[in-house]
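Observations on chain architecture
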Amino acid sequence: MHFSFTEEQSQFRDAIRRFLRDKAPISEARRLMETGSGCDPEVWREACEDLGLAGIHIPERYGGLGAGYVELCIALEEMGRSLFCAPFFSSSVLAASAILNSASEKYKQELLPEIASGRCIATLAVVEEHGSWDDPDIRLTARKDRDNYRLDGTKNYVTDGALADTVIVVGRSPAADNAEGLSLYLVLGDSTGLTRRPLNVVDPTRKQAELQFSNVQATLIGTLGSGSTSLSHTIDQAAVALANEMVGGCQILLDSAVEYAKLRMQFGRVIGSFQAVKHKCADMLVDLEHAKSAAYYAAAAVAENDPDLAAVAALAKATVSDAYMRIAADCIQIHGGIGFTWDNDTHLWFKRAKSSEVLLGSPSHYRERYMQFVEAGL
Amino acid sequence: MSAADHGADEVKVRRAVAEWLEAHWDPECGLIEWRNKLIDSGWGVPHWPQAWFGRDLPSGLTTAIDEEFDRIGAVGVARIGIRMLAAATLLEHGSDAQKSQFLRRILTGEDTWCQLFSEPGSGSDLAGATTRADFDGEKWIVNGQKVWTTSAHHADWALLLARTDWDAPKHQGLSYFVIDMTQAGIDVQPLRQMNGHASFNQVFFTDASIPAEHLIAKVGDGWKIAMTTLAHERRGADALRRWGRASDRPGRIYDEERAEIATVMEPYKWYAQRAGRVDLVLPRARETGRINDPVARQEIAKLLMLSQVSQWTAQRARTAQEQGKPQGPEGSLGKLASSHVARAASNVHTLIAGADAMLCDNDGPLDGIIAEILLSVPATSIAGGTDEIQRNIIAERVLGLPKEPRMDTGPFRDVPRNPTR
Ligand SMILES: Cc1cc2nc3c(=O)[nH]c(=O)nc-3n(C[C@H](O)[C@H](O)[C@H](O)COP(=O)(O)OP(=O)(O)OC[C@H]3O[C@@H](n4cnc5c(N)ncnc54)[C@H](O)[C@@H]3O)c2cc1C
């Protein structure tokens with residue numbers, strides 16, 4: 001449902017929140033963000049075994065929980081709240097959705113149960129040096145070589161790209177210059193000719209890498225040339241997922257700003273009694289409520305195969321990204337000097353807000369996309 | 001209630017209302033006669049209690065019911081303007097005698113109402129009212145002045161907030177009355193607004209009188225009851241765009257409705273513009289070619305998204321209420337959100353109009369409608385409680401932030417206030 005959650009969904013949320021509170025407090029995020037992998041394999045294994053986390057929206061016949069997209073988004077909201085350091089977004093959202101949307105039955109059976117169990121960490125490599133998520137900008141080539149393919153080119157901003165066991169790569173047939181030429185290929189993380197360079201990222205709780213492909217062996221996992229439509233569907237779904245993850249961050253930042261405003265004294269009174277502060281908090285709440293409305297509506301739209309999903313996803317991504325950045329900036333402002341320190345946790349979410357703002361495409365990109373749907377008579 | 005239950009109910013209710021309308025709707029019926037029929041059937045205000053002309057249906061179903069009315073072109077009960085605030089307040093706090101005297105004629109449209117709250121000295125600080133009501137042993141005698149009173153020049157009755165005790169702290173010395181606006185002791189003088197219309201007024205009381213039975217609830221309950229009226233006003237803010245559009249269909253009942261809209265509903269004719277007219281943005285962008293300007297496209301998309309999302313936020317609040325969450329200050333959130341939408345819409349209309357934004361009336365775009373939007377939107381963030389007041393309410397009552405230090409405690413007599421003119 002678009003405007004409220006069921007009792008079961010609320011219980012599901014509680015279970016995930018409890019797990020993350022116990023196993024992934026913010027001190028863990030601080031520890032893991034300094035590591036190369038950015039993930040604790042033991043906690044990841046537990047999350048997958050105890051909660052079935054990695055396979056929430058993967059159908060049961062492929063070893064997943066077979067729950068809906070709304071449940072997936074509930075989990076993401078909780079992870080965004082706790083800044084859970086794990087390859088969930090890369091593996092279960094990006095890669096699993098790409099496989100569900102475009103792989104042949106054979107590869108679904110081969111890949112999804114491994115992803116659903118959390119044993120295989122996968123990711124999706126789409127964007128190249130120019131940072132554009134649009135099809136025509138994808139140049140990496142996939143050349144036929146007997147039964148297999150050979151990839152040449154570079155992928156950038158690949159989330160968990162250095163950690164992944166398996167990379168789903170969007171490549172182009174050398175002859176085809178148009179959208180029809182795109183297909184999805186499977187590459188193993190340790191393939192010969194694949195160079196993975198971890199990137200220095202603003203948000204160290206979400207690792208990224210640059211992947212260079214030089215004559216790397218790859219397997220076509222769907223129908224040749226069918227990559228374009230399924231890719232844009234995958235990205236729409238991922239944008240909705242990311243929007244829900246961002247909502248979790250918005251909520252915790254507002255809570256933290258309000259809590260601080262009730263404690264901090266200046267001029268003989270708590271700063272939350274000053275209207276300049278109080279009104280900022282009220283505006284943050286309006287932003288948060290709008291962000292929730294957009295993200296929850298969009299999650300239900302994915303779950304219900306809404307024909308207008310692309311437009312709804314664009315709305316959600318743009319709306320929530322802007323809200324998250326505003327809330328994050330205001331949360332720092334309300335904390336004053338302490339808000340600018342490394343020791344205060346606010347910057348961790350601020351950084352996630354900044355990187356999420358442009359991951360999968362900027363708010364202005366999505367606004368332009370939305371206008372195109374509006375013009376076509378949404 | 002699950003989504004599925006709600007869906008089943010909606011189908012049933014749609015069928016029931018459509019059947020009733022098909023059997024009874026007659027465009028040649030008189031307007032008042034038709035509305036009386038509607039009131040007796042319970043389909044005029046189906047979300048009202050059964051005892052008072054309703055059917056106790058969840059308010060979430062009213063949109064579906066309205067759609068059935070629209071489909072067949074049936075006219076509804078009178079629902080525009082302050083009358084609905086009067087009805088909501090009476091339903092919650094009125095005695096049975098008061099309900100039976102007033103509710104029906106509110107719905108038929110025979111009586112028009114206004115809200116006598118704001119004064120020259122107290123607007124945001126409504127509890128600072130100094131208009132006085134004194135009991136002479138038989139009736140209440142009213143003296144003082146109200147201002148910004150929408151519709152007072154058409155009103156038969158009014159909701160009045162007046163001071164009955166000057167020694168009590170300010171919120172406790174107020175009482176709430178229904179007052180007859182047609183009496184000699186009341187003088188109404190229209191005020192011209194920045195958009196050229198004159199829908200609000202100054203109202204002067206010189207020994208105006210109120211019979212004892214028109215006090216609502218008890219002496220001293222005024223503030224509590226005013227909060228009910230205001231909560232309804234704020235919650236209604238996102239519905240403003242629906243106000244005051246006449247049908248162009250032929251038939252006696254439509255003629256009478258058009259006449260009503262032209263007279264007693266006249267103060268509300270610019271209310272759609274004050275909400276920003278988001279519906280006009282795309283047609284205007286196409287017509288002017290601005291739809292091809294990348295900067296305009298960004299701003300239009302921002303507005304359309306904000307407007308859509310505000311509706312979803314309002315819907316989430318309604319759904320939460322239907323599921324049993326008590327009605328609370330979230331009306332303030334909706335009201336603040338609709339101010340944002342209106343202001344953004346006004347900016348986008350300016351962007352689209354370019355130099356034409358300098359022109360009004362028949363020289364202006366859309367025969368002056370665009371200028372009317374630009375000059376009406378500022379009312380949205382003032383009327384019904386300013387944006388700043390909504391932020392105070394959200395921060396204090398939803399987020400639990402502390403109140404300001406108070407300067408107005410103790411007997412009202414001693415509280416510092418504006419000089420009276
Ligand atoms: C179109 C229109 C129709 C109206 N119709 C009616 C009607 O039918 N009946 C009726 O009774 N009234 C009506 N009003 C009046 C309206 O409710 C008041 O104008 C409004 O509540 C503001 O009060 P004020 O004008 O006295 O401004 P003030 O209260 O003097 O406010 C001036 C400024 O100070 C700010 N301010 C005041 N207090 C605070 C505070 N505590 N914290 C922060 N900022 C503060 C306000 O936000 C505002 O910006 C109408 C107004 C308009 C514009």
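Fair warning: this is a prediction, and the values are worked out from it, not measured in the lab.

1. Re the pairing of strand β2 (residues 132–135) of chain B
Residues and elements named next belong to chain B. Across 4 bridges, the pairing between β2 and strand β3 (residues 139–147) is antiparallel. Directly across from A133, in β3, lies its bridge partner V142. Taking the residues between adjacent antiparallel strands as the criterion, β2 and β3 are bridged by 3 residues, where G137 takes a positive phi near 100°.

2. Thoughts on the side chain of E245 of chain A
Position of E245 of chain A among the secondary structure elements: in helix α7 (residues 227–263). A distance of 2.6 Å separates a polar atom in the side chain of E245 of chain A from a polar atom in the side chain of R206 of chain A.

3. Comments concerning the site of the ligand
Lining the immediate surroundings of the ligand are 18 residues, of which Q275 of chain A together with S118, S124, W148 and T386 of chain B lie closest. Of the chains in the model, those with residues near the ligand are chains A and B. Contact distances for the ligand include 2.7 Å between a nitrogen atom and a side-chain N or O atom of Q275 of chain A. Within the side chain of T150 of chain B, a nitrogen or oxygen atom sits 2.8 Å from a nitrogen atom of the ligand. Classifying every residue of the shell around the ligand gives 7 nonpolar, 10 polar and 1 charged. Shared between two domains, the shell around the ligand holds at least three residues of each, these being domain 2 (88–235) and domain 3 (270–385) of chain B.

4. Description of the pairing of strand β3 (residues 148–159) of chain A
All names here are of chain A. In the sheet, strand β2 (residues 141–145) pairs with β3 via 5 bridges, with the strands oriented antiparallel. Directly across from A142, in β3, lies its bridge partner L151. Hairpin connection, β2 to β3: the antiparallel pair is bridged by 2 residues, and R146 has positive phi, about 50°. When β3 meets strand β7 (residues 208–220), the two strands line up antiparallel, connected through 9 bridges. The residue bridging G153 from the neighbouring strand is F213, located in β7.

5. Some details on the domain arrangement of chain A
When the parts of a complex come together, some accessible area is lost, and that lost area is often used as the size of the interface. Residues and elements named next belong to chain A. Each domain of chain A was delimited in the assignment, giving domain 1 (7–120), domain 2 (123–225) and domain 3 (228–375). For domain 1 versus domain 3, the separation of C-alpha centres amounts to 21 Å. On the domain 3 side, the residues contacting the 20 residues of domain 1 number 32 residues. A buried area of about 2,200 Å², summed over both sides, lies between domain 1 and domain 3, and 64% of it is on carbon and sulfur atoms. The largest per-residue losses of area from domain 1 upon contact with domain 3 belong to R30, Y69 and R81, which jointly make up 28% of the total buried on that side. Connecting domain 1 to domain 3 are 1 salt bridge. Breaking the side of domain 1 that touches domain 3 down by element, the ones donating at least two residues are α2 (26–32), α4 (69–82) and α5 (88–102). Classifying every residue of the side of domain 1 that touches domain 3 gives 11 nonpolar, 4 polar and 5 charged.

Definitions and cut-offs
Residues numbered from 1 in each chain as written. Chains lettered and ligands numbered in written order. Predicted model: local features only at pLDDT ≥ 70, side-chain atom pairs only at ≥ 80, totals over all residues. Heavy atoms only, no water. Pairing = 2+ DSSP bridges. Helix = DSSP H or I, 4+ residues; strand = E, 2+ residues; numbered from the N terminus. Polar contact = N/O pair within 3.5 Å; in protein donor to acceptor, adjacent residues only side chain to side chain. Near = heavy atom within 4 Å. Nonpolar A, V, L, I, M, F, W, Y, C, P; charged D, E, K, R; others polar. Domains from an automatic or database assignment. Contact = heavy atoms within 4.5 Å. Buried area = accessible area lost by both parts, 1.4 Å probe. Salt bridge = Lys/Arg side-chain N within 4 Å of Asp/Glu carboxyl O.

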